[in-house]
Amino acid sequence: MRALLAVDALSRRYGSLVALDRIDLRIGEGERHALIGPNGAGKTTLLDLVAGAARPDGGRIWVAGRDVTRLGPARRARLGVGRIHQRPAAWPSLSTLDNIAVAGARRCGGYRRTLPAARQLLSAHGLPDVTAAQLSHGQRRQLEIAMALAGRPRLLLLDEPAAGLSAVEFSQLSAVLRDLPRTVTVLLVEHRLDLVYALADRVTVLRDGQHVATGTPDEIRASSTVRTAYAEAVI
Amino acid sequence: MRWLIAPAVLAAVAAPWLADPYTTATLARILVLGLVAASVALLTGVAGLPTLGQTAPFAAGAYAAATLALHSSSVGVTQLLMGASVGAAFAALTTPLVVYARGVVFLMITLAIGELVVTAASRWRSVTGGTDGLAGMPSPRPLWGLPILDTDRARYLYALAVVGVVLCVVVLLLRGPAGMYLRGCRDDEARMRASGHPVGAYLAIAYIAAGAIAGLAGSLLVTTQQYLSPADFGFDVAALLLLGVVIGGAGSVVGAIAGTAVVLAARDWLSGLLPGRGPLLLGALFIAAAYVLPRLRFMLRRVVA
Ligand SMILES: Nc1ncnc2c1ncn2[C@@H]1O[C@H](COP(=O)(O)OP(=O)(O)O)[C@@H](O)[C@H]1O
Ligand SMILES: [Mg+2]
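In short, a report on the structure. Small disclaimer: the values here were computed from a predicted structure and weren't measured. (Residues numbered from 1 in each chain as written. Chains lettered and ligands numbered in written order. Predicted model: local features only at pLDDT ≥ 70, side-chain atom pairs only at ≥ 80, totals over all residues. Heavy atoms only, no water.)

Taken as a whole, this structure holds four aromatic pairs over all chains when the rule is applied. Judged by centre distance (6.4 Å) and plane angle (85°), the ring pair of B:Phe106 and B:Tyr207 falls under edge-to-face. Of this pair, B:Phe106 sits in helix α5 (residues 103–123) while B:Tyr207 sits in helix α10 (residues 199–225); the two residues are 101 residues apart in sequence, bridging distant segments of the chain. You can call B:Phe106 buried: its relative accessible area is 1%. Among the residues examined, B:Tyr207 registers a relative accessible area of 6% and is labelled buried. Taken together, the ring pairs in this structure connect B:Phe58, B:Tyr63 and B:Phe233 into an aromatic cluster. Stacked on the ring of A:Tyr197, the Lys or Arg A:Arg221 has its end atom at 4.3 Å from the ring centre. Seen from the ring of A:Trp91, B:Arg191 lies directly overhead, with NZ or CZ sitting 5.7 Å from the centre. (Phe/Tyr/Trp six-rings, centres within 6.5 Å; stacked < 30°, edge-to-face > 60°. Helix = DSSP H or I, 4+ residues; strand = E, 2+ residues; numbered from the N terminus. Buried < 20%, exposed > 50% of the residue type's maximum accessible area, 1.4 Å probe, protein only. Lys NZ or Arg CZ within 6 Å of the ring centre and 35° of its normal.)

Attention now moves to the sheet that holds strand β9 (residues 202–207) of chain A. All names here are of chain A. As summarised here, the arrangement of the six strands in space is β6-β7-β8-β3-β9-β10, forming an open sheet in which the pairing is mixed. Two strands close off the open sheet at either side, each with one partner strand: β6 (81–84) and β10 (210–215). Averaged over all pairs of adjacent strands, the angle between their axes in this sheet comes to 15°, without regard to strand direction. As paired elements, β9 and β10 share five bridges and run antiparallel to each other. Bridging across to β10, Leu206 finds its partner in His211. Running over the sheet, helix α5 (residues 137–150) touches β6 and β7 (155–159) and is turned about 180° from β6. (Pairing = 2+ DSSP bridges. Axes fitted to C-alpha atoms, helices over the stretch in contact; angles between N-to-C directions. Contact = heavy atoms within 4.5 Å.)

This is the structure we're talking about:
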């Protein structure tokens with residue numbers, strides 16, 4: 001399988017804090033890859049670096065065989081890197097429909113051409129057509145997922161999409177992620193391990209910026225190193 | 001507020017038959033400044049770049065159109081195009097200075113650009129006439145073959161038509177994708193980038209378009225006022241425009257014109273009552289607008305809801 005995302009010796013420091021320490025990662029095309037680890041492990045930092053929202057202090061990043069290390073976030077998004085943020089981010093003064101259409105516009109030939117697809121996404125995610133500022137937290141998550149999908153991403157970065165969702169919203173989210181076509185490669189950061197184990201082909205564990213392990217869900221569940229690394233924070 | 005538009009347009013068209021020539025000329029000046037305020041609203045309210053510097057392309061466009069009027073062409077459309085292109089060119093030249101700045105830094109840089117242009121206008125006597133001003137620009141004819149605009153009423157109606165057309169174009173553009181993208185940049189720039197939008201390019205285009213509008217307004221000022229001096233482009237004008245935009249509801253280009261009309265009327269009327277206290281009154285209005293208006297709007301919304 002060809003690596004859709006390849007990360008080589010990626011490092012990032014914040015002052016004296018090493019948020020990520022020479023991390024290597026390969027994610028195959030169509031793979032669902034989960035990234036887990038206690039708070040402060042560097043998961044969001046890794047997604048920031050892959051999306052281009054932050055610059056690495058060392059290392060390289062390839063998307064679909066192309067070195068994107070020096071490209072800005074907008075260029076990477078146009079290459080097909082989509083993202084859902086840990087804190088839901090939409091444009092509050094635009095309507096939900098316009099949020100989706102604007103989010104998809106650059107990869108689908110403009111705002112007007114994106115509108116039909118945006119309407120479908122709007123109803124598929126059960127969203128009302130109101131100003132984004134009026135949505136509840138769970139609806140904002142749904143909106144952000146619809147926004148990311150509108151851009152027809154090749155690589156979808158999800159940062160704790162299940163955080164703060166009700167039981168109903170959680171099962172909706174699981175269904176949406178399960179039904180994503182295999183043309184979309186997924187890198188999922190998530191604390192809800194039931195979601196991780198149900199969805200992921202492989203799992204990577206980070207702790208304090210260090211790579212702990214990568215393996216299938218079964219391997220990770222069985223690993224004693226992972227259990228120790230995770231012990232204090234999650235279990 | 002939409003129902004107000006039709007009566008307002010009617011009143012604006014009827015005004016020069018109801019008012020004396022002096023008032024008509026004042027109204028024409030309000031229209032011109034209102035158009036500059038619309039360019040301020042485009043940047044401040046829609047794109048989220050608060051500016052005190054739209055007086056700069058306004059001045060550049062005005063002096064360019066005046067030079068054209070004095071030396072070669074007395075056709076209105078040519079002068080408008082001249083003003084708009086010089087305003088746009090001025091903005092394009094200053095884009096590298098502003099495009100990376102945001103918020104208060106943007107405000108301060110544009111303020112500096114505005115002040116530099118006023119200083120240049122008072123020094124470059126051969127073009128601008130310095131602080132004595134520039135006079136003697138002949139009244140133009142709107143288009144080749146049309147009569148010369150030789151009354152205050154004709155000049156006012158010409159300004160009204162031009163402002164109306166420009167406003168309609170801007171409002172229509174802002175209703176489409178361009179408006180969405182700019183409001184997206186204002187709401188959350190990083191999110192725009194994460195969706196692949198080239199934010200810097202969008203803001204640069206908005207800044208250049210706002211420069212074109214201000215420059216075009218500058219050429220209208222030559223027609224309506226037939227006299228230019230650096231005082232037409234000073235800091236107090238820039239502050240007044242920003243105040244008009246705040247009062248008009250920052251995101252609204254049409255509101256900006258109404259807001260500017262209110263501010264100018266209030267200033268002229270009040271300074272008649274209290275001569276020599278113009279700047280003080282403007283300051284008081286500014287504070288009142290900043291503190292009272294958001295609360296008033298909030299209360300109104302609750303009453304309506
Ligand atoms: N912008 C920042 N400035 C300073 N420190 C940061 C910043 N972002 C993250 N960090 C630090 O880097 C470490 C990793 O953070 P993060 O990637 O958000 O962890 P995770 O998402 O795994 O919880 C944490 O110790 C955090 O405090
Ligand atoms: Mg995080």
